[in-house]
Amino acid sequence: MSSQKNLLADQRKALETALGDTNNSDQFAVVSSALTVMLENDLCDSTGNEKELVSRARVDLETLHRLWLLKKAVADLNQKTIAEIKSFNEPLQEVIVVMRVVFLLLGQSRNELSEWKQIRAWIGKTGKLSLKRRIANFTVPNGEFGIKESTVKFATDEISTVHIDRIQDISVGAMVFYSWASGVLDELHVLQDKKDKK
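Worth saying up front: this structure is predicted, and the values here are computed from it rather than measured.

### Re helix H5 (residues 93-105)
With 13 residues, H5 should reach 18 Å at 1.5 Å per residue; the first-to-last C-alpha distance of 18 Å fits that figure. A large share of H5 lies buried, amounting to 12 of its 13 residues. Residues of H5 that are buried: Glu-94, Val-95, Ile-96, Val-97, Val-98, Met-99, Arg-100, Val-101, Val-102, Phe-103, Leu-104 and Leu-105. Positive phi appears at Gly-107, one or two residues downstream of H5, with a value of about 110°.

### Thoughts on helix H8 (residues 149-159)
Within H8 the residues assigned to the buried category are Thr-151, Val-152, Ala-155, Glu-158 and Ile-159. For H8, the buried positions fall inside an angular range of 130° around the axis, keeping them on one side. Turned more than 90 degrees away from the buried face of H8 sit Glu-149 and Lys-153, all of them exposed.

### A word on the packing of aromatic side chains
According to the stated counting rule, one finds three aromatic pairs in the structure shown. Ring plane angle 40° and centroid distance 6.4 Å describe the contact between Phe-103 and Trp-122, whose orientation is recorded as tilted. In this pair, Phe-103 sits in helix H5 while Trp-122 sits in helix H6 (residues 116-123), placing the two residues 19 residues apart along the sequence. The residues Phe-103 and Trp-122 share a single accessibility class, namely buried.

What counts as what
Residues numbered from 1 in each chain as written. Predicted model: local features only at pLDDT ≥ 70, side-chain atom pairs only at ≥ 80, totals over all residues. Heavy atoms only, no water. Helix = DSSP H or I, 4+ residues; strand = E, 2+ residues; numbered from the N terminus. Expected span 1.5 Å × (residues − 1). Buried < 20%, exposed > 50% of the residue type's maximum accessible area, 1.4 Å probe, protein only. Arc of directions from axis to C-beta. Phe/Tyr/Trp six-rings, centres within 6.5 Å; stacked < 30°, edge-to-face > 60°.

What follows is the structure, encoded as structure tokens:
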């Protein structure tokens, strides 16, 4: 019995650590696994002593799952689809806006993204700077070194000008990037609201 209590304490600590590790791009999988292991322990009382931790983990998992699905949608894009976006000489303004917002969220400055040819250059990067890799490794910044409020506001204002039906008809890839950027912005707004309430 004592060893199982120690195991539960270790599992609780592992779950707390996973929840706090917001810089882990695999946080969804780690939290999900830690929660599953803890709930399988016969001594785990999800309505008693562990109620608060289990409840927090389940709420966080919903958000992490949404972001994981968006990352997966980007990961599932083939390179041909991304090359199609890059190949546009004069795309719809909505495509330019979506890709600008994506790169703003990934850390590029507005100056680096003022013209389509600059955005195209970022789309064409390879290796560690490739678009798919950067999104796969992206975590929603959750601390003082996150994305500037002014950048979030600008990105939100920009993406609100996009007519989804127009972009959907032009490019499946741009639609996936729109969904990813919108999901990240939604999460940034939730984090900001939580920060403001403190």
